[in-house]
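Residue-level listing of the chains:
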Amino acid sequence: MNTEMESYEKEISDYKMELFDNLVGKAEKVLEIGIGTGPNFKYYTAIPNVSVIGVDPNAKMESYARKSAAEAGLKSEDFTFIQALGESIPLEDASVDAVVGTLVLCSVTDVTRTLNEIKRILRPGGIYIFIEHVAAEDGTFLRLVQNVLDPLQQVVADGCHLTRHTGESILEARFNGGADVKKASLSRFAYISSHVYGVAYN
């Protein structure tokens, strides 16, 4: 996972830079759900006084994430790892300035519960930035391929679903300040080429 996603990260980097710019001057305490091996740490370095809480259900991700944080120049005391599910985050209400989620809602068990947790832990005026792969348009050949591959994808990719309408779920979560959901298509990633990205305002 730490090496096979390199080409994906290169193609998605412009979208991520656009999203993380929203945190500069607006967020110091940031929670990232599904932090994994820490591919996003390089985007935090432009945020003054930032501290990052990384949540992931897989405890083995901590060593990879800590290495990525150190390589990005984040001090060890400014990164906390918590083993937990997105549906049940062990933080107090209104306790973080921002939540980051990249390629995470595809694999949580309950998307609605996870979004409700994000709303709960965000302070008033806080923001949620996201980028997720989603189901292709109905009736397209890509959607047919996704429908066929989805059961296998869940087995081999740690519960990842190919056919979720994540953008719609984010809008339906009704963040207090609304949500700006944009569509994107990646050129080199076949059955996960359809994406949504954007910002939701608590």
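Residues numbered from 1 in each chain as written. Predicted model: local features only at pLDDT ≥ 70, side-chain atom pairs only at ≥ 80, totals over all residues. Heavy atoms only, no water.

**Describing the nonpolar core**
Residues Leu23, Phe41, Tyr44, Val52, Phe79 and Ile129 are the most contacted members of the largest nonpolar core, which totals 29 residues. Mapped by element, the contributors of at least two residues to this core are α1 (6–20), α2 (41–44), α3 (61–72), β3 (79–83), β4 (96–102), β5 (122–133) and β7 (194–201). For this core, the element with the highest residue contribution is α1, accounting for 4 residues. Setting aside chain neighbours within four positions, we find Phe79 in contact with Ile35, Phe41, Val52, Gly54, Ala65, Arg66, Ala69 and Leu74. (Core = buried A, V, L, I, M, F, W, Y, C linked by side-chain atoms within 4.5 Å. Buried < 20%, exposed > 50% of the residue type's maximum accessible area, 1.4 Å probe, protein only. Helix = DSSP H or I, 4+ residues; strand = E, 2+ residues; numbered from the N terminus. Contact = heavy atoms within 4.5 Å.)

**A look at the packing of aromatic side chains**
Summed over all chains, the structure comprises 7 aromatic pairs. Plain terms: the ring middles of Tyr15 and Tyr197 are 4.9 Å apart, the flat faces sit at 65° to each other, and that makes the pair edge-to-face. Taken as a pair, Tyr15 in helix α1 and Tyr197 in strand β7 lie far apart in primary sequence, 182 residues in all. Tyr15 sits in the partly exposed class, given a relative accessible area of 23%. Considering the side-chain rings of Phe41 and Phe79, the 5.1 Å spacing of their centres and the 85° angle between planes classify their relative orientation as edge-to-face. Of this pair, Phe41 sits in helix α2 while Phe79 sits in strand β3, and the two are 38 residues apart along the sequence. (Phe/Tyr/Trp six-rings, centres within 6.5 Å; stacked < 30°, edge-to-face > 60°.)

**Focus on the sheet that holds strand β2 (residues 51–56)**
With mixed pairing, 7 strands are arranged side by side in an open sheet as β3-β2-β1-β4-β5-β7-β6. Two strands close off the open sheet at either side, each with one partner strand: β3 and β6 (179–185). Averaged over all pairs of adjacent strands, the angle between their axes in this sheet comes to 15°, without regard to strand direction. Sheet topology places strand β1 (residues 29–33) next to β2; 5 bridges connect them, and they run parallel. Paired with Val30 across the bridge in β2 is Val52. Across the face of the sheet, α3 comes into contact with β2 and β3 while running at roughly 165° to β3. (Pairing = 2+ DSSP bridges. Axes fitted to C-alpha atoms, helices over the stretch in contact; angles between N-to-C directions.)

**A look at the environment of Ala200**
In this structure, Ala200 sits in strand β7. Classification of Ala200 by relative accessible area gives buried; the value is 0%. Considering only alpha carbons, one finds Ala200 and Ala173, 27 residues apart in sequence, at a separation of 9.7 Å. If we skip the residues at most four places from it in the chain, Ala200 touches Gly126, Ile127, Tyr128, Phe130, Phe175, Gly178 and Ala179.

**Digging into the pattern of salt bridges**
Charged atoms that come close allow side chains of opposite charge to pair. On inspection of all chains with the given rule, the structure shows 6 salt bridges. Arg66 serves as the salt-bridge partner of Glu62, at 3.0 Å between the closest nitrogen and oxygen. Linking Glu62 with Arg66, this pair stays in helix α3, spanning 4 residues, or about one helical turn. The exposure class of Glu62 is partly exposed, given its relative accessible area of 29%. The salt bridge involving Arg120 is made with Glu117; its shortest N-O contact spans 2.7 Å. (Salt bridge = Lys/Arg side-chain N within 4 Å of Asp/Glu carboxyl O.)

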